[in-house]
Amino acid sequence: MKLDKRACRHAANAPLNISLNAGVLYTDRVKYLVTAAVKLLGGHRVLAVYFYECERLKANDRMPKWVVFQGKDDFATLERDAEGNVKWRDAMLTNLTRYYSGSFLPACVFYKKTGCHTIARYIHVEANPTLVLRHLDDYQQDIRDRQAKIRRYKRDAVVRDKMRRVPQTLANLKRWADKHIMPHYLFYDYNNGRAKTQARCTYCEKFSVIKRPKNNDVLRCPKCGQKVIAKAQGKRAAYHEDRETCQVIRRISPQELVVRIYKLYWSYAKGKDSIRKSAYEVMRIFVRSDNGKDATVEPYYYDSGYDSVTRWRYGYHPGVLFGMACFSSEETGTVYLPGLEKTLHGTPWEYCALRQFYEQTGIPMQVSCYLKMYLRHPLLIERLTKAGFENIAADVIYRDGFSDALDEMQTKTHRILRVEKQDVSVLQEQKAGVPLLKKYQAYVAIHLRGRGVLFQWQLHHKVSEIPADIFQYLTAEKFMHYMEAQFPIYCEKRPANVYRDPTMETLVITYVDYLHMCRRQAYDMKEKSVLFPKNCAAAHDREAERIQKINDAQKNKAFGIAYAGFARKAALSNEELQIVCPKRANDLVAEGRALHHCVGSYIDRVAEGRCLIVFVRRVEEPKKPYVTVEVRDGKIAQIHGDHNSDPTEEVKKFVDLWSRKVLPMALRAV
């Protein structure tokens, strides 16, 4: 029944005839007076509940603030503001006010007992003045639930029709999973006094007598020959459970597939000869392509508590624990292989080499993602998989997407990988992915001879990167030979400590850094003594120290230039204080150490002309650090004493005088 709102609007004009001197209007607990009546509106009996606000009644406004029209299967509320404007609301009874709804109903009092009885008879509840409005709110909640259920049924009818096209669960799924996925056990009774024991195989479910093994040993069942895991059963009841995820691909139409995700549970209990096996479906992921180039993915998950025409709900499984997907929501799993080619025949995924990709990797996969990405790069994924580069295909599908390291337009494997023909076997042997391929391509770009051996040596010694530019000075063979010869010397020079152990990678980094330092100093990179020093680590430290001295000399020179004209004009002294300019860069370091502040790090700023540092010293102790002053942009930027403390008033006045009388003239001389 739908309410006739036009008739309801006329029935809402019901002023309350109450004396303004009535005591109920001036009770703090009572904020609303309630009356009720059953009216015939639009040919139906409708309950009208009137709520009068006491504050408005005191102001001689006798019209109701809310009128709730309650039908058998619908309700609506007409709200009237202080200016007399009205509007319809669909809120429930407890949601009429904006403040906490729990305080609304206790503030309502029936003007007459007949109102309470009218509501109670209409909704068939007990006529209790303190509870009848609560019952009315529950009555409205039931209506809301029924309306939501009807809408949900209509919406999920499309989902139900979609699920009807999905074939039935495979009859041999458990049998196939038991043979190819789930592990098998040989349960035996543990007894120290016996050399042999009786054991039961969970695969063939037959008993045999074996020599007592160790727990978790991998054996072969004497009866069926199946590989099994030995499990001891002691005095306490033993219980074991295995669980796995299985994905079954089924065809809906030539343009659509569905990936059905099953959860498999195998449980074993002591004293029971049979194994409890259960397999139930948790998700269905529909993958559809209308143009053969792009795929749309529609996931649905099974919700046993969902009240609708179907238990399947759109979206991914919400089972998440602390932001991490739990087993129930996991999509990655093993793939059901029987009949796979027949399922994919005639679809855009007919040549996707899914079986070959899965068998090569040998690990659980996410089938829906593979099907989607295959349509974006069909020839690339197919050719890489068939050529044995499943890790590069996996990077394209699951991690990096299409990489600039690959040439999708080519048909030859080596051209797809941007390498030479002889390099393909090296990459296949190392089972390279996209990151390793990019490292190898750097050697191919400079046409490095012996790059295959170098690549294998690099992976064997776990060296993450070897810059290709160093091979303009030496060959790959000489590089490896020199590193092997230097490694014992390097380990002796830099023994292991708690921070870093000497490894071949740290030696390579040291050597590469050494070569770069030699190049920056314009050494003859063809000299054998330069390329292959007798002690690589010592040569590195020696060149680093040399460069540091050169840099320090350059900084000292620039430091002296910064104070060349300034120092002659900046002098100022009185009976107690004087201004002193630093002569060398190390003077700032000594000043910072003595006064425990960071002026020692200002050497580069002074050398680059961004600031100047002057010292305030006592006349009686001219060499003892006292206060440090920074001049920036012609002004005093900082003035600090020991531990960045503020100077005394005497020092502040002295520095202020110096900044006004002496500093401007000294800066002109710079």
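Overview of the structure. What you see as residue numbers is a count from 1 along each chain, following the sequence as written. A pLDDT threshold of at least 70 governs which residues receive local features in this predicted model, and a stricter bar of 80 or more applies before side-chain atom pairs are shown or counted, although totals over entire chains, interfaces and linings include all residues. In computing side-chain properties, one takes all heavy atoms of the structure into account and sets aside hydrogens as well as water.

What follows is about helix 4 (residues 132–164). Secondary structure elements follow DSSP: runs of H or I of four or more residues count as helices, runs of E of two or more count as strands, with numbering from the N terminus. Helix span is expected to be 1.5 Å times the residue number reduced by one. For helix 4, built from 33 residues, the straight-helix expectation of 48 Å at 1.5 Å per residue is met to within 8% by its first-to-last C-alpha distance of 46 Å. The quantity called bend is, for any residue, the angle between two axes fitted respectively to the seven residues ending at it and the seven beginning at it. Largest kink in helix 4: about 35°, centred on Asp-156. Residues of helix 4 that are buried: Val-132, Leu-133, Leu-136, Asp-137, Tyr-139, Gln-140, Ile-143, Arg-152, Asp-156, Val-159, Lys-162 and Met-163. When accessible area is computed with a 1.4 Å probe and restricted to protein chains, residues below 20% of their type maximum are described as buried, those above 50% as exposed, and intermediate ones as partly exposed.

Quick look at the pattern of salt bridges now. Definition used for salt bridges: Asp or Glu carboxyl oxygen within 4 Å of a side-chain nitrogen of Lys or Arg. Summed over the entire model, instances satisfying the criterion amount to 33 salt bridges. Residue Glu-79 pairs with Arg-89 through a salt bridge whose shortest N-O separation is 3.1 Å. Of the two residues, Glu-79 is situated in strand 4 (residues 75–80) and Arg-89 in strand 5 (residues 86–89); the sequence distance between them amounts to 10 residues. The exposure class assigned to Glu-79 is buried, which follows from its relative accessible area of 15%. Here Arg-89 falls in the partly exposed class, since its relative accessible area comes to 21%. Between Lys-386 and Glu-382 there is a salt bridge whose closest N-O contact spans 2.8 Å. Highlighted residues: Lys-386 and Glu-382, both in helix 9 (residues 378–386), separated by 4 residues, approximately one helical turn. Judged by relative accessible area, Lys-386 falls into the partly exposed class, the value being 47%. With a relative accessible area of 15%, Glu-382 lands in the buried category. Through salt bridges with shared partners, one network takes in Lys-162, Arg-165, Glu-256, Arg-288, Asp-290 and Glu-298.

The next subject is the layout of surface pockets. Its volume calculated, the largest pocket comes out at about 330 Å³. Grid spacing is 1 Å over the protein atoms alone, the probe is 1.4 Å, and a cavity is where that probe fits but cannot get out, while a pocket is an open set with protein on both sides within 12 Å along at least five of seven lines and lining residues have an atom within 4 Å of a point. Lining the largest pocket are 15 residues, and of these Val-580, Cys-581, Asp-587, Phe-615 and Arg-617 lie nearest its centre. When residues of the lining of the largest pocket are traced back to their parent elements, those giving at least two are strand 20 (577–580), helix 20 (586–595) and strand 21 (612–618). A per-element tally of the lining of the largest pocket places helix 20 first, with 3 residues. Amino acids are sorted into nonpolar (Ala, Val, Leu, Ile, Met, Phe, Trp, Tyr, Cys and Pro), charged (Asp, Glu, Lys and Arg) and polar (every other residue, Gly among them). Looking at the lining of the largest pocket residue by residue, the class counts come to 10 nonpolar, no polar and 5 charged. Grid points are joined across faces, edges and corners, and a volume is the space filled by probe spheres set on the points. Looking at the second largest pocket, its volume works out to about 270 Å³. Lining the second largest pocket are 14 residues, and of these Lys-65, Trp-66, Glu-79, Arg-89 and Arg-98 lie nearest its centre. Only strand 4 and strand 5 provide two or more residues apiece to the lining of the second largest pocket. Classifying every residue of the lining of the second largest pocket gives 4 nonpolar, 2 polar and 8 charged.

Below, the discussion takes up a negative patch on the surface. What goes into a patch is any residue over 30% in relative accessible area without a salt bridge, connected to like charges within 9 Å or, for nonpolar side chains (Val, Leu, Ile, Met, Phe, Trp, Tyr), within 5 Å. In this description, accessible areas are obtained by the Shrake-Rupley approach with a 1.4 Å probe, and a residue is regarded as covered only by the protein chains that are shown. Note that His is not counted, nor are the chain ends; the positive residues are Lys and Arg, and the negative ones are Asp and Glu. Every charge is mapped onto a representative atom, which is NZ of Lys, CZ of Arg, CG of Asp or CD of Glu. Taken together, the side chains of Glu-575, Glu-576, Glu-620 and Glu-650 make up a negatively charged region of the molecular surface. In this structure, Glu-575 sits in the loop between helix 19 (566–569) and strand 20.

Before going further, it helps to spend a moment on the pairing of strand 2 (residues 44–53). Within strand 2, 8 of the 10 residues are buried, which leaves it mostly tucked inside the rest of the structure. Bridging between strand 1 (residues 32–41) and strand 2 involves 10 bridges; their strand directions are antiparallel. In the strand pairing of strand 2, Leu-40 is matched with Arg-45. Here, any two strands with at least 2 DSSP bridges between them count as paired. Once strand 1 ends, the chain turns through 2 residues before running back antiparallel as strand 2, passing Gly-42 with a positive phi of about 65°. Bridging between strand 2 and strand 3 (residues 66–70) involves 5 bridges; their strand directions are antiparallel. Residue pairing for strand 3: Ala-48 is matched across the bridge by Phe-69.

Our next topic: the environment of Ala-393. Looking at the secondary structure, you find Ala-393 in helix 10 (residues 390–399). Taking the C-alpha atoms as reference points, Ala-393 and Asp-633, 240 residues apart in sequence, are found 60 Å from one another. We call two residues contacting when some pair of their heavy atoms lies within 4.5 Å. Sequence-distant contacts of Ala-393, that is, excluding residues within four places in its chain, are made with Phe-357, Leu-384 and Thr-385.

Right, let's get into the nonpolar core. Judged by nonpolar contacts, the single largest core of 80 residues is most densely connected at Trp-349, Leu-454, Trp-457, Ile-466 and Phe-479. Here this core gets 8 residues from one element, more than from any other, and that element is helix 16 (residues 504–520). When neighbours within four sequence positions are excluded, Trp-457 is seen to be in contact with Val-463, Ile-466, Phe-479, Met-480, Met-483, Glu-484, Met-504 and Val-508. Nine residue types can take part in a nonpolar core, namely buried Ala, Val, Leu, Ile, Met, Phe, Trp, Tyr and Cys, and a core is a set of them joined through side-chain atoms within 4.5 Å. Counting residues in each nonpolar core, the second largest holds 32 residues, with Cys-611, Phe-615, Val-627 and Phe-654 among its members.

Okay, the sheet that holds strand 9 (residues 207–211) next. Strand order in the open sheet formed by 5 strands is 9-8-7-11-10, with mixed pairing between adjacent strands. Every interior strand has two partners, whereas the edge strands, strand 9 and strand 10 (218–220), have only one. Mean inter-strand twist for the sheet, computed between neighbouring axes without regard to direction, equals 45°. As defined by bridge partners, strand 7 (residues 185–189) adjoins strand 8 (residues 196–201) across 3 bridges and the pair is classed as antiparallel. Each residue of the ladder has a partner; that of Tyr-188, found in strand 8, is Ala-199. Helix axes use the C-alpha atoms of the stretch in contact, all axes being lines fitted to C-alpha atoms, and the angles between their N-to-C directions lie in the range 0 to 180 degrees.

So, on to the packing of helix 9 against helix 10. In a packed pair of helices, the relevant descriptors are the angle between the two axes and the axis-to-axis distance. Where helix 9 contacts helix 10, the axes come no closer than 7 Å and their chain directions differ by 155°. One element, helix 9, and the other, helix 10, form an angle in the roughly antiparallel class. Between helix 9 and helix 10, the contacting residues are Leu-380, Ile-381, Leu-384 and Thr-385 on the first element and Glu-390, Ile-392, Ala-393, Val-396 and Ile-397 on the second. Counted by class, the contact of helix 9 with helix 10 contains 7 nonpolar, 1 polar and 1 charged residues. Roughly parallel means an angle under 35 degrees; roughly antiparallel, over 145; roughly perpendicular, 65 to 115; everything else is oblique.

What follows covers the sheet that holds strand 22 (residues 627–632). Read from one edge to the other, the open sheet built from 4 strands follows the order 20-21-22-23, with strand pairing classed as antiparallel. The open sheet has two free edges, formed respectively by strand 20 and strand 23 (635–640), since each of these has just one partner strand. Put simply, the sheet's adjacent strands are angled 25° from each other on average, direction ignored. Here strand 22 runs beside strand 23; their pairing, made up of 5 bridges, is antiparallel. Counted as the bridge partner of Val-631 is Ile-636 from strand 23. Helix 20 contacts strand 21 and strand 22 of the sheet and is inclined by roughly 55° relative to strand 21.

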